[in-house]
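Read off the chains here:
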Amino acid sequence: MTPTRPVLGGSFLGGAHGRLLPPTIPFRFFLAAALYHLAFWIALAVFAEDAIGFRGGPGPMLGVLHLLTLGVLALAAMGAGYQLLPVATAVPMRARWPMTLSSWLAIPGVAVLVAGMGLAHHETMAAGAILMVLGLGIYAVLLLDNLRRKSSLPAVQWHAIGAMAALLLVIGLGFALVADQHHAIFADHFTWAVAHFLIAAYGFMGLLVLGFSQVLIPMFTLSPMPPAGNATIGLGLAIAGLALAAYGLVGDQTRLVAAGALFGLAASLLHVQTLAASLRQRMRKALGDTFILVFIAWGFLPFSVLLGLGLALGHAVPPALFGWAVLLGWLATFLVAIFQRIVPFLASMHAGRGKRPPLVSTLTPERSRKLHLWCHLVAVAGTGAGLALEASSLVAVAAVIGAVGAAGLLAFTLDIVRRMREGAA
Amino acid sequence: MQEGRQTTRMIHDDHVASIGLLNELETLLSRNRSSGPAPSGPGLANFLRSLASNLERDVTRHFDFEQGRLFPLLGDGGDSDIALLLTDEHDGIRDVATRLAAAANAARENGFAQGWKEFHQLSREYIERQISHIQKEEMALLPMLEDLLDEETDAELSQAYAETR
């Protein structure tokens, strides 16, 4: 089945101009994510020793982990979700104030929660958890409300529904895990923490990535839309795999966890194969260097599942290496690739409202973008090597390089906001 | 899956042809820096002729048809917003295309002795504006037309567009 052009079940950009949110809504999340991204790498450099052999539990490393998962991944997903979902579903968000409210809860909520985790201070952690539950809860409800109505892009719609269902589970479990430290809820805290991690990484963030990839990758490369059937099968495999792995984990049934990992492996290979096939038919030959990040992220997706399978089967895989592959190798690498493309694109749409849109290239600060891209790659490779070799100094050096790149990403984002304001003035 | 509508297929074919030319132009630019020596060679004049012809004739024909016949359908279908955006982009592209066609014709006759840097700059702008525009048409305009056009209108429009060739 060979589409002759980027065939969408509906129109992705149709009416996009009219469904643009005020730039302050998505860009506050993007700026906060860029800031927490810098904080993450700095904190990892400082607490590199704790990263080796990390297996959860309160302390600096738990805070560092949540700087990445909540501060970078979740906040960027909030900004992107609020802006891209109404464009993809062709259904405007009902109101703007709940989105603003969620930002006021979640953006500071990350700092409070991370401080509580880092200091192992239960009350601070609980306050941060409440802010995050409310902020992310509003986000999930708003997106589910938008997704209730018929979408022109069912592949994106069903992935997003799955992601939001996973998010509701994640925030419920996360809150219970915080409460568990003072009010014993779980017989085995560690196991439930791992289930929380799996559902957050592969369920909430993972399904969002799988779903939005179906339209973003074809849009950037002028490729045909992947066959909807593959997306549906992939979604089914991913959900089945995640459910089996999580259920097997909390029920202490290794075979179920392994079976879940195999389903997940099939889903990830299908995802990568489908998008790669679409990409091979692209009209635009030059992809740009951000696709180096996309390709690396695609490699990390099945690799992370294989590491998870190895862990489930009792092989000597350092758990921190598994976390690294999922969070830094796959999710963060994919996210920053899309961030580098979508932020200038959105800025050009805002700056061009009511007049000729400026060129995306005139809004893109190339130096800071490239600095971030190459530092990110070195930092990911270096931290992985450090975790595998249990060499904390290597992790620290790599994290310093990551911090330099993160400063580049922050400068990139700030510069785009400045140029967008000048363009819109 | 083949496209259902003749009209959208014809517009898409134009995009494929334009992108083929843009890919060639991009290759020329990436092999020859704006600050370096200007390119020369036996195939260059032919390429510049194709480029100028595409800019002067095909782009105008394509844009005029879209603005005259297709965009009003979007307005009738309740989505005039995207038509306004695409029309704005047409204006920007026409402006650059006119200057780039003049630069290509001048270079074809006299070589790039004087105008290589300007040609390079105009080409970069043209490529970016066209790619971004085609992206929007492929992702928004064509799927919307697939929904809006009935068989009779599609036959009439595709015939009308064929006659402009």
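Residues numbered from 1 in each chain as written. Chains lettered and ligands numbered in written order. Predicted model: local features only at pLDDT ≥ 70, side-chain atom pairs only at ≥ 80, totals over all residues.

1. What about the overall build of chain B?
Moving on, step 1. A count of helical and extended segments in chain B gives 5 helices and 0 strands.
Moving on, step 2. Secondary structure elements of chain B, listed N to C terminal, follow the sequence α-α-α-α-α.
Moving on, step 3. C-alpha extents for chain B along the principal axes are approximately 55 × 25 × 25 Å.
Moving on, step 4. Relative to its 165 residues, chain B shows a buried fraction of 39%.
Moving on, step 5. Long-range contacts, defined as pairs at least 24 residues apart, comprise 78% of the intrachain contacts of chain B with a sequence gap of at least 6. (Helix = DSSP H or I, 4+ residues; strand = E, 2+ residues; numbered from the N terminus. Buried ≥ 20, exposed ≤ 12 C-beta atoms within 10 Å, placed from the backbone. Contact = placed C-beta atoms within 7 Å.)

2. Observations regarding the overall build of chain A
Moving on, step 1. What chain A contains, in helices and strands, is 14 helices and 0 strands.
Moving on, step 2. The order of α-helices and β-strands along chain A, N terminus first, is α-α-α-α-α-α-α-α-α-α-α-α-α-α.
Moving on, step 3. Relative to the globule expectation of 22 Å for 425 residues, the C-alpha radius of gyration of chain A, 20 Å, shows essentially globular dimensions.
Moving on, step 4. In terms of its C-alpha atoms, chain A occupies a principal-axis envelope of roughly 60 × 45 × 40 Å.
Moving on, step 5. Taking all 425 residues of chain A together, 59% fall into the buried category.
Moving on, step 6. Contacts in chain A between residues at least 24 apart in sequence constitute 77% of all its contacts with a sequence separation of at least 6. (Rg over C-alpha atoms; globule rule 2.2 N^0.38 Å.)

3. With respect to the nonpolar core
Grouped burial of nonpolar side chains is what soluble globular proteins tend to show.
Moving on, step 1. Judged by nonpolar contacts, the single largest core of 176 residues is most densely connected at A:Leu75, A:Ala76 and A:Leu331.
Moving on, step 2. The greatest single-element share of this core, amounting to 23 residues, is contributed by helix α11 (residues 319-351) of chain A.
Moving on, step 3. Residue contacts for A:Ala76: discarding those within four places in its chain leaves A:Phe29, A:Phe30, A:Ala33, A:Leu335 and A:Phe339.
Moving on, step 4. In this structure, B:Ile19, B:Leu25, B:Leu48 and B:Phe112 belong to the second largest nonpolar core, which totals 25 residues. (Core = buried A, V, L, I, M, F, W, Y, C linked by C-beta atoms within 7 Å.)

4. Focus on helix α1 (residues 24-46) of chain A
Moving on, step 1. Spanning 23 residues, α1(A) covers 33 Å between terminal C-alpha atoms, matching the ideal 33 Å at 1.5 Å per step.
Moving on, step 2. A large share of α1(A) lies buried, amounting to 17 of its 23 residues. (Expected span 1.5 Å × (residues − 1).)

5. Quick look at unusual backbone geometry
All names here are of chain A.
Moving on, step 1. Positive phi, close to 50°, is recorded for alanine 120, a residue that is not glycine.
Moving on, step 2. Assignment of secondary structure puts alanine 120 in the loop between α4 (97-119) and α5 (122-148).
Moving on, step 3. Of note in this structure, glutamate 390 is not a glycine but carries a positive phi near 55°.
Moving on, step 4. On the secondary structure map, glutamate 390 appears in the loop between α13 (366-389) and α14 (392-424).
Moving on, step 5. By C-beta crowding, glutamate 390 is classed as partly exposed, having 14 other C-beta atoms within 10 Å.

6. Some thoughts on the packing of helix α6 (residues 154-180) of chain A against helix α7 (residues 189-221) of chain A
The packing of two helices is summarised by the inter-axis angle and the distance between the axes.
Residue and element names in this part refer to chain A.
Moving on, step 1. At a minimum axis separation of 8 Å, α6 and α7 run at an interaxial angle of 160°. With respect to each other, α6 and α7 are oriented roughly antiparallel. Of the two elements, α6 crosses α7, and the hand of that crossing is left-handed.
Moving on, step 2. Tallied by class, residues from the contact of α6 with α7 come to 21 nonpolar, 8 polar and 1 charged. (Axes fitted to C-alpha atoms, helices over the stretch in contact; angles between N-to-C directions. Parallel < 35°, antiparallel > 145°, perpendicular 65-115°, else oblique. Left-handed = near helix turned anticlockwise from the far one by under 90°. Nonpolar A, V, L, I, M, F, W, Y, C, P; charged D, E, K, R; others polar.)

7. Comments concerning the environment of A:Gly248
All names here are of chain A.
Moving on, step 1. Within the secondary structure, glycine 248 sits in helix α8 (residues 228-250).
Moving on, step 2. Taking the C-beta count within 10 Å as the criterion, glycine 248 has 20 such neighbours and is therefore assigned buried.
Moving on, step 3. Along the backbone, glycine 248 and alanine 195 are 53 residues apart, and their C-alpha atoms lie at a distance of 9.6 Å.

8. What to know about the packing of helix α3 (residues 60-89) of chain A against α7(A)
Residue and element names in this part refer to chain A.
Moving on, step 1. Relative to each other, α3 and α7 sit at 40°, their axes nearing to 11 Å. The interaxial crossing formed by α3 with α7 has left-handed handedness. Residues Thr69, Leu73, Ala77, Gly81, Leu84 and Ala88 of α3 form the contact with α7, whose participating residues are Ala200, Met205, Leu208, Phe212 and Val215.

9. As for helix α1 (residues 6-31) of chain B
Moving on, step 1. Its 26 residues give α1(B) an end-to-end C-alpha distance of 38 Å, which sits within 8% of 38 Å, the value for a rise of 1.5 Å per residue.
Moving on, step 2. Along α1(B), the residues classified as buried are B:Thr7, B:Thr8, B:Ile11, B:His12, B:Asp14, B:His15, B:Ser18, B:Ile19, B:Leu22 and B:Leu25.

10. Quick word on the environment of A:Val91
Moving on, step 1. Summarising the element assignment, A:Val91 is placed in the loop between α3 and α4.
Moving on, step 2. In this structure the C-alpha to C-alpha distance between A:Val91 and A:Thr254, which are 163 residues apart in sequence, comes to 43 Å.

11. Looking at the confidence of the model for chain B
Moving on, step 1. Taken as a whole, chain B shows an average pLDDT of 87; of its residues, 96% reach a score of 70 or greater.
Moving on, step 2. When pLDDT is averaged over each helix and strand of chain B, the minimum, 87, is found for helix α4 (residues 116-148) of chain B and the maximum, 92, for helix α5 (residues 151-163) of chain B. (pLDDT = per-residue confidence, 0-100.)

12. Examining the environment of A:Leu207
Residues and elements named next belong to chain A.
Moving on, step 1. In this fold, leucine 207 is placed in helix α7.
Moving on, step 2. By the C-beta count within 10 Å, which is 26 here, leucine 207 ends up buried.
Moving on, step 3. Each C-alpha atom of the pair leucine 207 and alanine 160 lies 6.7 Å from the other, and the pair is 47 residues apart in sequence.

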